[in-house]
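# What the coordinates show
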Amino acid sequence: MDNKIQEIKNHVERPATEFLTGGFRPQNTLEESWIGRVFAYAESEEIPLDKEGKQMMPLIQLYLPNQPFVPEQIKDKKLITVFISHDFPDALEKMGDHWIIREYENLEEIVIKDLKSSTSYLKPFPLSSKLFTKDAPIWDGGGLEDLEGEMEDKILELEEEGIINSYYDIMEHCYSTKLGGYPSYCQPGIGIKDGFGKGFEYVFQVSSDNKAQLNVVDSGSFMFAKNSETKEWSLYYDFY
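For the structure given in this document, a descriptive report is provided here. What you see is a predicted model, and the numbers here were worked out from it, not measured in a lab.

Reading guide: rules and limits
Residues numbered from 1 in each chain as written. Predicted model: local features only at pLDDT ≥ 70, side-chain atom pairs only at ≥ 80, totals over all residues. Heavy atoms only, no water. Helix = DSSP H or I, 4+ residues; strand = E, 2+ residues; numbered from the N terminus. Rg over C-alpha atoms; globule rule 2.2 N^0.38 Å. Buried < 20%, exposed > 50% of the residue type's maximum accessible area, 1.4 Å probe, protein only. Contact = heavy atoms within 4.5 Å. Lys, Arg positive; Asp, Glu negative; His and termini not counted. Charge placed at Lys NZ, Arg CZ, Asp CG, Glu CD. Pairing = 2+ DSSP bridges. Salt bridge = Lys/Arg side-chain N within 4 Å of Asp/Glu carboxyl O. Arc of directions from axis to C-beta. Axes fitted to C-alpha atoms, helices over the stretch in contact; angles between N-to-C directions. Parallel < 35°, antiparallel > 145°, perpendicular 65-115°, else oblique. Left-handed = near helix turned anticlockwise from the far one by under 90°. Nonpolar A, V, L, I, M, F, W, Y, C, P; charged D, E, K, R; others polar. Core = buried A, V, L, I, M, F, W, Y, C linked by side-chain atoms within 4.5 Å. Polar contact = N/O pair within 3.5 Å; in protein donor to acceptor, adjacent residues only side chain to side chain. Phe/Tyr/Trp six-rings, centres within 6.5 Å; stacked < 30°, edge-to-face > 60°. Lys NZ or Arg CZ within 6 Å of the ring centre and 35° of its normal.

The next subject is the overall build of the protein chain. Looking only at helices and strands, one finds two helices and 13 strands in the protein chain. In terms of overall dimensions, the protein chain is globule-like: its C-alpha atoms have a radius of gyration of 18 Å, near the 18 Å expected for 240 residues. In terms of overall dimensions, the protein chain has C-alpha extents of about 60 × 35 × 35 Å along its principal axes. The 240 residues of the protein chain split such that 50% are buried. Look at the contacts in the protein chain between residues 6 or more apart in sequence, and 70% of them connect residues 24 or more apart. Mean positive and mean negative side-chain charge positions of the protein chain (24 and 43 charges, respectively) differ by 6 Å.

If you want it as structure tokens, here you go:
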């Protein structure tokens, strides 16, 4: 491989945990991850209500200790659950009124509750996972502009020199639900940090999923970023 290509790949590519929907018989234990279902709660917790007093939909439950890659921002967590309103929040709307992330650092006080949301149309499936070692950003606003070294210019030079025909000749992107990697923008994106809000950096995404009957407006993805100082979360999504 051309040394210039390898240099770019080494600088740009990031690991991700890619989630695969269904295909195996679940055991319904806390060590499983699910889409369209949350059954892990603290004793006092229930399905959260949105600003209108309606139950949110259980979107995803992620058990982290057995994942091949976990982003640094959530390395100290054991479990993350996400709920979202039937009527999706606005992009970059603050957490609380129409979406909620719950984080758990230990499982000692977690109990399994078979709770179902009256508003949810999602079909629950267990998730398996695998390591996607070389995730690269979407070319148009996917995160290259946030990286040092003027990566976009270097890639364009390779095209001008005839070494490659396009960016995607040498880069791959994982569009699935995933931890880490880069967000799967459908439109020109907001990057991997600061576009989500000052001090926020992208952490994970939940993508449209035919099996789970999740369609983020039109084949989009929910993308979640966290502020390492304030510990707040930010939500962005776009679609085709």
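Still more to cover.
Moving on to unusual backbone geometry. Even without being a glycine, N28 presents a positive backbone phi close to 60°. Residue classification places N28 among the partly exposed residues on the basis of a relative accessible area of 36%. A positive phi angle is found at D194, which is not glycine, with a value near 65°. Here D194 shows up in strand β10 (residues 193-194).

Quick look at the pairing of strand β8 (residues 125-135) now. Across seven bridges, the pairing between strand β1 (residues 14-21) and β8 is antiparallel. Across the sheet, residue T21 finds its bridge partner in β8, namely L127. Pairing analysis gives three bridges linking strand β2 (residues 33-35) to β8, with the strands arranged antiparallel. Note that in β8 the partner of W34 across the bridge is P126.

Turning next to the pattern of salt bridges. Under the counting rule described, the total for this entry stands at 14 salt bridges. Between E201 and R14 there is a salt bridge, with its nearest N and O atoms 3.8 Å apart. Placement of E201 in strand β11 (residues 197-207) and of R14 in strand β1 is noted, with a sequence separation of 187 residues between them. The structure contains a network of salt bridges with shared partners spanning D76, K77 and E105.

As a further point, take helix α2 (residues 151-160). Every buried residue of α2 is accounted for by M151, I155 and L158. In a view along the axis of α2, the buried residues occupy a sector of 50°, so they form one face of it. Residues of α2 that are buried make contact with α1 (3-12).

Look at α1 against α2: their axes get within 11 Å of each other, and the N-to-C directions meet at 150°. Viewed along their axes, α1 and α2 adopt a mutual orientation that is roughly antiparallel. Relative to α2, the crossing made by α1 is left-handed. Taking contact as the criterion, the partners of K4, I5, E7, I8, H11 and V12 in α1 are, on α2, M151, K154, I155 and L158. Here the residues of the contact of α1 with α2 are counted per class, giving six nonpolar, one polar and three charged.

Once that is clear, we can look at the nonpolar core. By size, the foremost hydrophobic cluster in this structure holds 29 residues, and its most contacted members are L59, F204, V206, F222, F224 and W233. Ranked by the residues each element gives to this core, the list is headed by strand β4 (residues 57-63), at four residues. Those residues in contact with F222, other than ones at most four positions away along the chain, are L59, I84, F88, F204, Q205, V206, L214, V216, L235, Y236 and Y237. Judged by nonpolar contacts, the second largest core, of 22 residues, contains L144, I164, Y167 and I192.

Among the secondary structure elements, T21 is positioned in strand β1. Only 2.5 Å separates the side chain of T21 from the side chain of D209, close enough to count as a polar contact. Ignoring anything within four residues of it in the chain, the contact list for T21 reads I35, F125, P126, L127, D209 and K211.

Turning next to the packing of aromatic side chains. Summed over the entire model, instances satisfying the criterion amount to 12 aromatic pairs. Relative to F83, the ring of Y41 has its centre 6.2 Å away and its plane inclined at 40°; by these criteria the two rings are tilted. Highlighted residues: Y41 in strand β3 (residues 40-42) and F83 in strand β5 (residues 79-84), separated in sequence by 42 residues. You'll find Y41 and F83 in the same group, each marked buried. Their ring planes at 65° and their centres at 6.0 Å tell us that Y185 and Y236 sit as a pair that is edge-to-face. Of this pair, Y185 sits in the loop between β9 (178-180) and β10 while Y236 sits in strand β13 (residues 233-238), placing them 51 residues apart in sequence. Here Y185 and Y236 have matching classes, each one buried. Aromatic rings pair up to connect W99, F204, F224 and W233 into one cluster. The side chain of R37 reaches across the aromatic face of W34, ending 4.5 Å from its centre.

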